[in-house]
Amino acid sequence: MTISQAREALMEGTLTSAALVKKAADEFEADKKSAVPMNAFLEIYDDAASLAEAADKEIAAARAAGEEALEKLFEEKPLIGIPFGVKDNISVKGKKLTCASRILDGYVAPYNATVTARLIKAGAIPLGRCNQDEFAMGSSTEYSSYGPTRNPLNRKYVSGGSSGGPAAVVAANQALFSLGTETGGSVRLPASYCGIYGLKPTYGVLSRWGVVAYGSSLDQVGIFGKTPADIALPLSVMAGEDFYDDTSADLPDAAALKSETTEGTLAAMTEEAFSAMKVAIPRQFLETKGLDPEVGKVFDETKQWFIKKGATVEVVDVPVLDASLACYYVIAFSEVASNLSRFDGIRYGSRKDPGEGYDELYIKTRSEGFGPEVKRRIIIGNYVLSEQFSGTCYKKAMSVRARMQREIQKLYETYDLIICPVCPTAAFKLGQKYDDPMAMYLSDMFTIFVNLARICSISVPAGFKSPDEDGVKMPIGVQFAGPMFGEAKILSVAQAWENDHPGIAVGMEEK
């Protein structure tokens, strides 16, 4: 079921919000008892059922008052009765917020994140807390203190990361949409691995207030859905400038996206628009070593789709992209070292006090509270920021980033879209890269330029690998990257893709 289908059923009275919440809760409990749990939801919120019942009563009262009252309610609250999943680093007032880390064990969010508050105001219901890599650091959701989230298609495989939990609950039909976060691809990567749509908006379009920081200059809340329209409506509700976030910005097309999707449709890119479109493929991505031939085949089929639509597709040379991986990790790790210094056992979270003074309290709390991947990134980040290396590493990375932003921005003066694979491979098996950090980091080689350039991008389900030994075909995603504030454009292209490939998203085969 899509959000538009659920909205229509709720209006007609053929579906209740309580039924949606109960279905998710029942599947969550059944999954916990299964031999190999998916482990995507960490908990279903205890008040989700009562909030759903309240929404049902509000809808019933409006229906009894007449069609005009019902339409007004759904206009004022376009997501009324729709439950959604929340990544474990996004604040929901009165609920646990642990970032999948032992160091925040027992911490409860004192307020709602802006994105959460805006969804609640629109009538949506926070359904539950979703698993992630600890402090959003990882590409597989294996670095979680709660254990890994498994891919809903085949539980031998990872769901991607760091937002593997939110992606898996949508792919497994446990939530109509969910919120993740990404710093270098952590929404688009799990969307690709799980076979659904995942949007990384322009930096600032969604407020970061109430979202636990990883890399502040890179972080962005993202959205998972089964269709582009399932992403467009929540985006339009959450987008916009926020008093509490100085980096936030308005989305020019938010009102139009809201109007279209509340009417049950999302305008697809027209044939005339495709014929005028110029699409760029960076040469650096075509020459990447380690690209799975089947991923390359799916990407080539996607390229041919654009050509058949009438678009001009050209290979372009962007040499600065060769430095994107190194540039990203220098900046991200440096910001990690700074942002995570607040977790010291003194102000909040877990506290391990041996009674030997502040230094020992600080050391013991952080040594026991942080997992291996978080420690690795903090150590590297502090090394990069040290007086000896900050000039040669951090400052140079910032210079490269500035150049990348200029060159990508200039590219969009000629081209409308950049297309490339989401990652070099489809989902890999659990444990395959866990002890190989470099192999894990290389999963992000196609995604991080988007975060560095602060543009928008959407991962679309584009195809599948050949069946594995269990007979399962794992999904492959391709990303459409647009200019800053180009969300409406890439969503319209994605909708055209969806129209030509109905039911391609995992769980939508019977649509």
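Just so it is clear, the model here is predicted, and its values are computed rather than measured. (Residues numbered from 1 in each chain as written. Predicted model: local features only at pLDDT ≥ 70, side-chain atom pairs only at ≥ 80, totals over all residues. Heavy atoms only, no water.)

### Remarks on the nonpolar core
- Core analysis: the largest hydrophobic core is formed by 163 residues, its most contacted members being Leu79, Phe135, Phe306, Phe449, Ile458 and Phe480.
- The biggest single contributor to this core is helix 13 (residues 324-339), with nine residues. (Core = buried A, V, L, I, M, F, W, Y, C linked by side-chain atoms within 4.5 Å. Buried < 20%, exposed > 50% of the residue type's maximum accessible area, 1.4 Å probe, protein only. Helix = DSSP H or I, 4+ residues; strand = E, 2+ residues; numbered from the N terminus.)

### Some details on a negative patch on the surface
- Side chains of Glu67, Glu68, Glu71, Glu75 and Glu76 sit close together on the surface and give a patch of like negative charge.
- What makes Glu71 partly exposed here is its relative accessible area of 43%. (Patch = residues over 30% accessible without salt bridge, like charges linked within 9 Å, V, L, I, M, F, W, Y side chains within 5 Å. Areas by Shrake-Rupley, 256 points an atom, 1.4 Å probe, with all protein chains shown as cover. Salt bridge = Lys/Arg side-chain N within 4 Å of Asp/Glu carboxyl O. Lys, Arg positive; Asp, Glu negative; His and termini not counted. Charge placed at Lys NZ, Arg CZ, Asp CG, Glu CD.)

### Digging into unusual backbone geometry
- Of the consecutive residues Gly161 and Ser162, the connecting peptide bond is found in the cis state with omega at 5°.
- By the secondary structure assignment, Ser162 is in the loop between strand 3 (125-130) and helix 6 (164-171).
- Backbone geometry at Ala100 places phi at a positive 55°, although glycine is not the residue there.
- Mapped onto the fold, Ala100 is located in the loop between strand 2 (83-87) and helix 5 (114-121).
- For Ala100, a relative accessible area of 0% translates into the label buried.
- Despite not being glycine, Ala136 shows a phi value in the positive range, around 65°.
- Mapped onto the fold, Ala136 is located in the loop between strand 3 and helix 6.

### Details of the side chain of Ser91
- Note that Ser91 resides in the loop between strand 2 and helix 5.
- Within the local environment of Ser91, its side chain forms a polar contact with the backbone oxygen of Gly210, the two atoms lying 2.8 Å apart.
- Ignoring anything within four residues of it in the chain, the contact list for Ser91 reads Leu97, Ala109, Tyr111, Asn112, Ala113, Thr116 and Gly210. (Polar contact = N/O pair within 3.5 Å; in protein donor to acceptor, adjacent residues only side chain to side chain. Contact = heavy atoms within 4.5 Å.)

### Structural notes on helix 13
- Here helix 13 spans 22 Å end to end across 16 residues, near enough to the 22 Å set by a 1.5 Å rise per residue.
- Among the 16 residues that make up helix 13, 14 are buried, leaving the element largely enclosed by the rest of the structure. (Expected span 1.5 Å × (residues − 1).)

### Section: a nonpolar patch on the surface
- Together, Tyr111, Trp209, Phe243 and Tyr244 make up an exposed nonpolar region whose accessible area comes to about 490 Å².
- With respect to the helices, strands and loops of the structure, Trp209 is situated in the loop between strand 5 (197-200) and strand 6 (220-225).
- Judged by relative accessible area, which is 31%, Trp209 ranks as partly exposed.

### Brief notes about the sheet that holds strand 4 (residues 177-182)
- With respect to topology, eleven strands assemble into an open sheet ordered 1-3-2-4-6-5-10-11-9-7-8, the strand pairing being mixed. Both edges of this open sheet fall to strand 1 (41-44) and strand 8 (312-316), since each of them pairs with a single strand only. Between one strand axis and the next, the sheet turns through 30° on average, direction left out of account.
- Bridge analysis of strand 7 (residues 278-282) against strand 9 (residues 417-421) gives two bridges, and the strand direction is parallel. Bridging from a neighbouring strand, Ala280 pairs with Ile418 of strand 9. (Pairing = 2+ DSSP bridges. Axes fitted to C-alpha atoms, helices over the stretch in contact; angles between N-to-C directions.)

### Here we look at the layout of surface pockets
- Roughly 390 Å³ of volume is contained in the largest pocket.
- Around the largest pocket, the lining comprises 20 residues; the ones closest to its centre are Tyr111, Val211, Val212, Ala213 and Arg342.
- The residue inventory of the lining of the largest pocket, partitioned by class, reads twelve nonpolar, three polar and five charged.
- Here the second largest pocket is characterised by a volume of approximately 260 Å³.
- Breaking the lining of the second largest pocket down by element, the ones donating at least two residues are helix 3 (48-65) and strand 3. (1 Å grid on protein atoms, 1.4 Å probe; cavity = no way out; pocket = protein on both sides within 12 Å on 5 of 7 lines; lining within 4 Å. Points joined across faces, edges and corners; volume = space filled by probe spheres on them. Nonpolar A, V, L, I, M, F, W, Y, C, P; charged D, E, K, R; others polar.)

### What about the packing of helix 13 against helix 15 (residues 372-385)?
- Two numbers describe how helix 13 lies on helix 15: the axes approach to 7 Å, and their chain directions differ by 100°. Regarding the angle of helix 13 to helix 15, the classification is roughly perpendicular. Two secondary-structure elements touch here, helix 13 through Tyr329, Val330, Phe333, Ser334, Val336 and Ala337 and helix 15 through Arg377, Ile378, Ile380, Gly381, Asn382, Val384 and Leu385.
- Across the contact of helix 13 with helix 15, the residue classes break down as nine nonpolar, three polar and one charged. (Parallel < 35°, antiparallel > 145°, perpendicular 65-115°, else oblique.)

### Brief notes about the packing of aromatic side chains
- Under the criterion given, the structure shown has 22 aromatic pairs.
- Ring centres of Tyr107 and Tyr348 lie 5.7 Å apart, and the angle between their planes is 50°; this geometry places the pair in the tilted category. Within this pair, whereas Tyr107 is found in the loop between strand 2 and helix 5, its partner Tyr348 is found in the loop between helix 13 and helix 14 (358-369), the two being separated by 241 residues in sequence.
- You can call Tyr348 partly exposed: its relative accessible area is 30%.
- Considering the side-chain rings of Trp305 and Trp497, the 5.1 Å spacing of their centres and the 85° angle between planes classify their relative orientation as edge-to-face. (Phe/Tyr/Trp six-rings, centres within 6.5 Å; stacked < 30°, edge-to-face > 60°.)

By themselves, these are just geometric observations and shouldn't be taken as functional.
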